[in-house]
Amino acid sequence: SAKRGISVDRPHLRVAIKDTGAGIPPEKMARLFEPFFTTKPKGTGLGLAITRRIILEHRGDISVESRPGQGTTFQILLPASA
């Protein structure tokens, strides 16, 4: 299977970042990578939007899985250098 420009048939790097925190409520998951969406009182809502753009510009992909009360995992896929 291929994700946004990255072929898993080619060498790639997969980085998983996982926590055991409160998780992300399902109603907020769809907006996570939207510019200016934040749940923090002093947040700008740009961190994940910028991160996603940088990863996509490098022909990679970022995904997130979360379960309320159990934590969140972000996975980043990037093509490997020759």
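Here's what I pulled together on the structure shown here. What you see is a predicted model, and the numbers here were worked out from it, not measured in a lab.

Together, Leu13, Val15 and Ile17 give the surface a local cluster of nonpolar side chains, amounting to about 250 Å² of exposed area. Its place among the elements puts isoleucine 17 in strand β3 (residues 12-18).

What follows is about the sheet that holds β3. In space, the three strands of this open sheet follow the order β3-β5-β4, with antiparallel pairing throughout. At either margin of the open sheet sits one strand with a lone partner, and together these are β3 and β4 (61-67). In this sheet, adjacent strand axes meet at a mean angle of 15 degrees when their direction is disregarded. In terms of strand pairing, β3 meets strand β5 (residues 71-79) through seven bridges, oriented antiparallel.

Calculation criteria
Residues numbered from 1 in each chain as written. Predicted model: local features only at pLDDT ≥ 70, side-chain atom pairs only at ≥ 80, totals over all residues. Heavy atoms only, no water. Patch = residues over 30% accessible without salt bridge, like charges linked within 9 Å, V, L, I, M, F, W, Y side chains within 5 Å. Areas by Shrake-Rupley, 256 points an atom, 1.4 Å probe, with all protein chains shown as cover. Salt bridge = Lys/Arg side-chain N within 4 Å of Asp/Glu carboxyl O. Helix = DSSP H or I, 4+ residues; strand = E, 2+ residues; numbered from the N terminus. Pairing = 2+ DSSP bridges. Axes fitted to C-alpha atoms, helices over the stretch in contact; angles between N-to-C directions.

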